[in-house]
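Residues per chain are reported as follows:
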Amino acid sequence: MSTLTKYSAIPYTGPAPTNREPYVPKDAAAMDARGAELAATLPNVEQETGQDLPTLIVPRESIVGTLTALKSAGYTMPLDLWAVDYPQREQRFDVMYQLYSLDRNERVRLKVRVGEDESMPTGTGVFKGLNWYEREVWDMYGVVFDGHPNLRRILTHEAFQGHALRKDYDPAQRWLLTEKDVAKIIPKIDPRFENVDTDFERVTLNLGPSHPATHGTLRIVVTLDGETIIGCDQEIGYLHRCFEKSCETHTYQQAIPFTDRLNYCSAFINNVGYCMAVEKLLGIDVPKRAQHIRLILSEFMRIADHLVCIGTNLVDMGALTNFWYLFQPREEIYGLIESCCGARLLPSYCRIGGLAVDAPPNFLENAQRLVDALPAFINDVEKLVDKNKIFLDRVVGIAPITAEMAIDYGFTGPCLRACGVPYDVRKANPYLGYETYDFDVPIADGGDTFARYLVRMEEMRQSLKILQQAIDRGMPEGAVIVDNPYVALPPKSKVYNEMESLIYHFKLIMHGIQPPVGEAYFQVEGGNGELGFYVVSDGTKNPYRVRCRPPCFQIYSAFPDMIIGQTIPDAIAALGSLNIIAGELDH
Amino acid sequence: MPTDIQNPNSIVARKPAAVPGEQAEKGLITLPGESERELEDLAGSTYLTTKVDTMVNWARGNSLWPLPFGTACCAIEFMSLVSSHYDLARIGAEVVRFSPRQADLLIVAGTIVDKMGPVLKKIYDQMPEPKYVVAMGACATSGGFYRMYHVVQGIDEIIPVDIWVPGCPPTPEGLMYGILKLKEKIERGELKRGV
């Protein structure tokens, strides 16, 4: 006769979350103190307390003055600019800036309240990096920036009507674009070349969006004088898949697959970034074992991202062999991920509170095998190209950008480090325990295509160094997801046998995770730079707003400045080295 | 007099050829879709009779020149398929062309958004006949899980599709299976649009 095993009650003894409880960040006191210091130095600003970053509320007239003052106070990098819509308020939009100070390693968030019929002054005169962001806010919310040099739609198309991220916009309302509606793009000629005496007729040339060297969906229009590029304009949005709106119409857990498809070359890092932002909002700590697996897979994904970037960049220059060499180990990396969760490219392996399932028992052995095998492939490519005259002639000194300019544009990641600025989120704001690992942040000087290649190659080696240390430490024991029935589903064995677990399961499936009311920003080091997620919760099961800070966006907005005065082949080589991922660029 | 044409190194078993007449046997060389052929022996060499259509379809199916219209994640998996590990060259479709004028197989790999719609239409129109279309992945097939304001809900809103490959993204094996299915379809002579 069979007997039913009695399971003990769920050990979680914490409080049940009450809906609409305010979110209190862990370091709110320190942030408030810093915010008060800043507010004292600036005229006309008000401080908002209880936030996860020093937050200032700025009236829209004085935003340019505030940005200028903060820039001269050391906040030189415009990390992000986005908006949130609160239709019930009189001034319905919160336009938000996030600035970063490299010297102090500090961030500040500025909020500007704007009404529906109001416009605000442009900040493009202060930071170059705000140019595209302001266009995005105009496109998505309809906030007009007075004095912006080129305020046209950026992500959606010409026939689009309305502003998609407004709360009163129907998420499924599409607008048909036909060939005749497509606007012609005529790039402005750079002032340096306007009055140059030339033997050639000036030609406008269109590259993309379906072009072998544009890696998907980028479109570049250049004006040529002979072979020299004298004007350049880009059009993006050919892969605008409405990530941010999708998040608002899905629950917190359901939004994870959407994050995968942002930077699809290193999808797992996006999972980690998003989940950690929500975990920050929930105030939960992930079990050590899950953190360890997250770290190992993140580093493998970073290597895979760089492999794709360097491989395809070299293909663009005609070096096809390297593509075969680099894609082989990448398959092995995907094999490792597949052994964990069953999916290769877009794993969706993270869950809020941990991981979906535990890694297989031989995970570390397989990881070790890969770590042993990878250097051979990297070395092979290095031997093939590092002293290759054709390669060097095409990359050394090509498409350079100075460190000041890169910071002004808000570059992060390998492209910034190639200019000699050692900013890496893993060092500046360590997460997942990166502070306990011994690794270096490679930098190069010159900021040219070759420097970006060198930085990426060395970063792969540093990632291998981190991985070796992580493998040597062994896998921490324990669960891979938090033991909190308000966040993670109870194990199936309990759901089938215990009333309480069944109810938790039902509640979580039907009503989702309900974080406290508030906003939180969390950043991780993605393959291309700082990947940040800003999440606003209104206490319901769906996020009120999810903002992704895509590192590609600003890097690509600086592209004309990098290639003007150079030739088309240089531009192709430079574009590959920037590693623009359309999914991330266009959200 | 039967002639043994079995290559000792080949893993494909072949039947010995026979002289015409009563001994002649069907199915010596497998030409897909053709069951009515006969083997003849003239001047000591083997050759076969078939329909021109069958022969042309057989050739077309075995030398597809794909144009990867790669927009998103699926394009990365397409790259996996053409690179060394999976190696699309094994089924003769490795000559990746980025000009629609030189390609006969359009692989739409990735999400097509409304902004991209006219571009896709133009690329398709520029391809010479005969042309085939594979919709790779959930987005190209149906919009996938992007039921949103800017996403085309399946490329058959814009162009005709021959093969749909499910998955998000499909594995390289999945896409290869799709291309093999297309090959079968071509060889059966089912796809004769505009020719």
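Participant: Which parts of the structure should I look at to understand the interface of chain B and chain A?
Facilitator: By convention, interface size is frequently given as the accessible area that disappears when the constituent parts associate. Each partner contributes to the interface: chain B provides 38 residues, whereas chain A provides 51 residues. A buried area of about 3800 Å², summed over both sides, lies between chain B and chain A, and 65% of it is on carbon and sulfur atoms. Counting the surface chain B buries against chain A, the share from its top three residues, B:Lys115, B:Met148 and B:Tyr149, is 23%. Where chain B meets chain A, there are 5 salt bridges. Among the salt bridges present, the one from B:Lys115 reaches A:Glu235, with a minimum N-O distance of 2.7 Å.

Participant: Before we go on, may I ask you to explain the packing of aromatic side chains in this structure?
Facilitator: A ring pair, where both rings are aromatic, is described by two values, the distance of the centres and the angle of the planes. If you walk through the whole model with that rule in mind, you get 26 aromatic pairs over all chains. Centroid distance B:Phe145 to B:Tyr146: 4.8 Å. Interplanar angle 80°. Geometry classified as edge-to-face. B:Phe145 sits in the partly exposed class, given a relative accessible area of 28%. Since its relative accessible area comes to 2%, B:Tyr146 is described here as buried. Stacked on the ring of A:Tyr437, the Lys or Arg A:Arg473 has its end atom at 3.8 Å from the ring centre. Lying across the ring of B:Tyr124, B:Lys131 places its NZ or CZ 4.2 Å from the centre.

Participant: Help me out: how do you make sense of the confidence of the model for chain B in this one?
Facilitator: In low-pLDDT segments, the atomic positions of the prediction should not be examined closely. Residue and element names in this part refer to chain B. Across chain B, the average pLDDT comes to 78, with 73% of residues at 70 or higher. Taken as a whole, residues 19-43 scores under 50 in pLDDT and shows 45 contacts with residues more than four places along the chain or in a different chain. In the model output, the complex is listed with pTM 0.88 alongside ipTM 0.85.

Participant: Is there a simple way to explain the domain arrangement of chain A in this structure?
Facilitator: Residue and element names in this part refer to chain A. Partitioning chain A into domains gives domain 1 (28-146) and domain 2 (243-585). For domain 1 and domain 2, the distance between their C-alpha centroids amounts to 27 Å. Across the contact, 31 residues belong to domain 1 and 32 residues belong to domain 2. Surface buried jointly by domain 1 and domain 2 totals about 2600 Å² across both partners, of which 52% is contributed by carbon and sulfur atoms. Of all residues in domain 1, Arg107, Lys128 and Trp132 bury the most surface against domain 2, accounting for 24% of the area lost on that side. Linking domain 1 with domain 2 are 7 salt bridges, by the criterion used here. Of the charged contacts in the structure, one is a salt bridge between Glu519 and Lys111, with a shortest N-O distance of 3.2 Å. Our count for the contact surface shared by domain 1 and domain 2 stands at 17 residue pairs in polar contact (both at pLDDT 80 or more). For the side of domain 1 that touches domain 2, the elements supplying multiple residues, two or more each, are strand E3 (77-85), strand E4 (93-101), strand E5 (106-114) and helix H3 (130-141). With 9 residues, E3 is the largest single contributor of residues to the side of domain 1 that touches domain 2.

Participant: For this particular structure, what's the right way to read the sheet that holds strand E4 (residues 105-109) of chain B?
Facilitator: Each strand in a sheet pairs with its neighbour through backbone hydrogen bonds, running either in the same direction (parallel) or in the opposite one (antiparallel). Residue and element names in this part refer to chain B. On the basis of which strands lie adjacent, the open sheet formed by 4 strands has the order E3-E4-E5-E6 and parallel pairing. A single partner strand is all that each edge strand has here, and the edge strands are strand E3 (66-70) and strand E6 (163-165). Across the sheet, the axes of successive neighbouring strands diverge by a mean angle of 20°, strand direction being ignored. Bridge analysis of E3 against E4 gives 5 bridges, and the strand direction is parallel. By the bridge assignment, Pro66 is partnered in E4 with Leu105.

Participant: What is the right way to look at the pairing of E4(B) in this model?
Facilitator: Across a regular strand the side chains alternate sides, sitting on one face of the sheet and then on the other. Residues and elements named next belong to chain B. Burial within E4 is extensive, with 5 of its 5 residues counted as buried. Side chains Leu105, Ile107 and Ala109 of E4 all project onto a buried face; the interleaved residues Leu106 and Val108 project onto the opposite face, where all are buried too. This β-α-β element, E3 to helix H2 (residues 73-82) to E4, shows left-handed connectivity. Alignment of E4 against strand E5 (residues 132-136), held across 5 bridges, turns out to be parallel. Each bridged residue has a counterpart across the sheet, and for Leu106 the counterpart in E5 is Val133. Taken together, E4, helix H3 (residues 117-126) and E5 constitute a β-α-β crossover, and its handedness is right-handed.

Conventions we followed
- Residues numbered from 1 in each chain as written.
- Chains lettered and ligands numbered in written order.
- Predicted model: local features only at pLDDT ≥ 70, side-chain atom pairs only at ≥ 80, totals over all residues.
- Heavy atoms only, no water.
- Contact = heavy atoms within 4.5 Å.
- Buried area = accessible area lost by both parts, 1.4 Å probe.
- Salt bridge = Lys/Arg side-chain N within 4 Å of Asp/Glu carboxyl O.
- Phe/Tyr/Trp six-rings, centres within 6.5 Å; stacked < 30°, edge-to-face > 60°.
- Buried < 20%, exposed > 50% of the residue type's maximum accessible area, 1.4 Å probe, protein only.
- Lys NZ or Arg CZ within 6 Å of the ring centre and 35° of its normal.
- pLDDT = per-residue confidence, 0-100.
- Domains from an automatic or database assignment.
- Polar contact = N/O pair within 3.5 Å; in protein donor to acceptor, adjacent residues only side chain to side chain.
- Helix = DSSP H or I, 4+ residues; strand = E, 2+ residues; numbered from the N terminus.
- Pairing = 2+ DSSP bridges.
- Axes fitted to C-alpha atoms, helices over the stretch in contact; angles between N-to-C directions.
- Right-handed = clockwise from strand over helix to strand, strands pointing away.

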